[in-house]
Amino acid sequence: MSAEPTAPELEGFEQTLAHDQRIEPRDWMPDGYRRTLVRQIAQHAHSEIIGMQPEGTWLTTAPSLRRKAILMAKVQDEAGHGIYLYSAAETLGVDRSDLTEQLITLRQKYSSIFNYPTLSYADVGTIGWLVDGAAICNQVPLCRSSYGPYARAMIRICKEESFHQRQGFELLMTMMNGTDEQRAMVQESVDRWWWPSLMMFGPPDDASPNSARSMAWRIKRHTNDELRQRFVDMTVPQAEALGVTLPDPDLRWNAERGGYDFGEPDWDELDRVIRGEGPCNEERVTRRADAHREGGWVRAAAAAYAGKQATSA
Ligand SMILES: [Fe+2]
Ligand SMILES: [Fe+2]
């Protein structure tokens, strides 16, 4: 796996991509491809793990045992997603403890959406519906990503994300069929989460310089704007079925294009949140750092046990 490719190595890599086949961990790959994947998969893994926090705060105050069981299962799924993805990253020669270190020292990022607070139980439904819904739009094409371990991890993750999306929608539908107060809670929640959900697809294509490279390498299959459009087109009929209003006066069907026109998200807000100035950035990273430190004894015990098993075998 030298950085200086021989002609057959580079050609082999390019042929694999051209035939839409998978690059596997032992195959030769360009350094930039490896670096891009490590960054993307680590960022994705961190998002799954940090993403447990906003909803996790509602586990102790869920309104019923049924809602608590559903939320518990969902939050545990997100932990599982993080773990699959750290494993996928490790096939590229990095170590998950280094990745965690980079997260808690702010050298690697996670999705901006998790820096917003969850202010009511309706937010649990809205996150499932909109945030997991946006994640599905982003992630389904990654099941065909050129890097084998990443693509395979995404297949199972996407199945679970679709459960998350449905449980969110079902929770909101239940509330919309409830009292006026519950309906108002749902609307208020959707008003807060709509625009940040659109920002989950990243900046507009003309401000996303790395996209072209990732698409040429077939890590990414669609541009940010294409995925955002797909999400809006999927979500508007669902909002109508729920009976909520999406907070965008420019949202309307465009028969010519066969898609919805919609307004511009506040890109300055996205920049601020990415820079660390979102409402909950500090809280999320501090909590993750504390959990990592407090879990040190568990990792040490597991490693000691594994060592003992290895010597007694
Ligand atoms: Fe997830
Ligand atoms: Fe999810």
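Look up: the structure comes first, before these words.
Report on the accompanying structure. Note that the coordinates shown come from a computational prediction; the quantities given were computed from them, not determined experimentally.

Before going further, it helps to examine the pattern of salt bridges. In total, this model carries 18 salt bridges according to the counting rule given. The shortest N-O distance in the salt bridge between Asp20 and Arg221 comes to 2.8 Å. Taken together, the residues Asp20 in the loop between α1 (7–18) and α2 (31–50) and Arg221 in the loop between α9 (211–216) and α10 (224–242) connect sequence positions 201 residues apart.

Throughout the structure, instances matching the rule amount to nine aromatic pairs. With a centroid separation of 6.4 Å and 65 degrees between ring planes, the pair formed by Trp129 and Phe169 is classed as edge-to-face. Taken together, the positions of Trp129 in helix α6 (residues 122–139) and Phe169 in helix α7 (residues 148–176) put the pair 40 residues apart, joining distant regions of the chain. Classification of Trp129 as buried rests on a relative accessible area of 1%. Its relative accessible area of 22% is what places Phe169 among the partly exposed residues. The interplanar angle of 45 degrees and the centroid separation of 5.4 Å between the aromatic rings of Phe201 and Phe231 together place this pair among those described as tilted. Of the two residues, Phe201 sits in the loop between α8 (180–199) and α9 while Phe231 sits in helix α10, which places them 30 residues apart along the sequence. The class of Phe201 is buried, set by a relative accessible area of 3%.

Below, the discussion takes up the coordination of the iron ion (ligand 1). The coordination sphere of the iron ion (ligand 1) contains the protein donors Glu48 (OE), Glu78 (OE), His81 (ND1) and Glu161 (OE), at a distance range of 2.0 to 2.2 Å. Geometry at the iron ion (ligand 1) is irregular, judged from its four donor atoms and the angles of 86 to 135 degrees they form at the metal. The metal-metal distance between the iron ion (ligand 1) and the iron ion (ligand 2) is 3.3 Å, with Glu78 coordinating both. Highlighted residues: Glu48 in helix α2 and Glu161 in helix α7, separated in sequence by 113 residues. Here the two residues Glu48 and Glu161 agree in accessibility, since each one is buried.

Calculation rules
- Residues numbered from 1 in each chain as written.
- Chains lettered and ligands numbered in written order.
- Predicted model: local features only at pLDDT ≥ 70, side-chain atom pairs only at ≥ 80, totals over all residues.
- Heavy atoms only, no water.
- Salt bridge = Lys/Arg side-chain N within 4 Å of Asp/Glu carboxyl O.
- Helix = DSSP H or I, 4+ residues; strand = E, 2+ residues; numbered from the N terminus.
- Phe/Tyr/Trp six-rings, centres within 6.5 Å; stacked < 30°, edge-to-face > 60°.
- Buried < 20%, exposed > 50% of the residue type's maximum accessible area, 1.4 Å probe, protein only.
- Donors = N, O, S within 2.8 Å, 3.2 Å for Na, K, Ca; no water.
- Tetrahedral: all angles 85-135°; square planar, octahedral: opposite > 155°, others 65-115°.

Taken by themselves, the reported measurements are silent on function.
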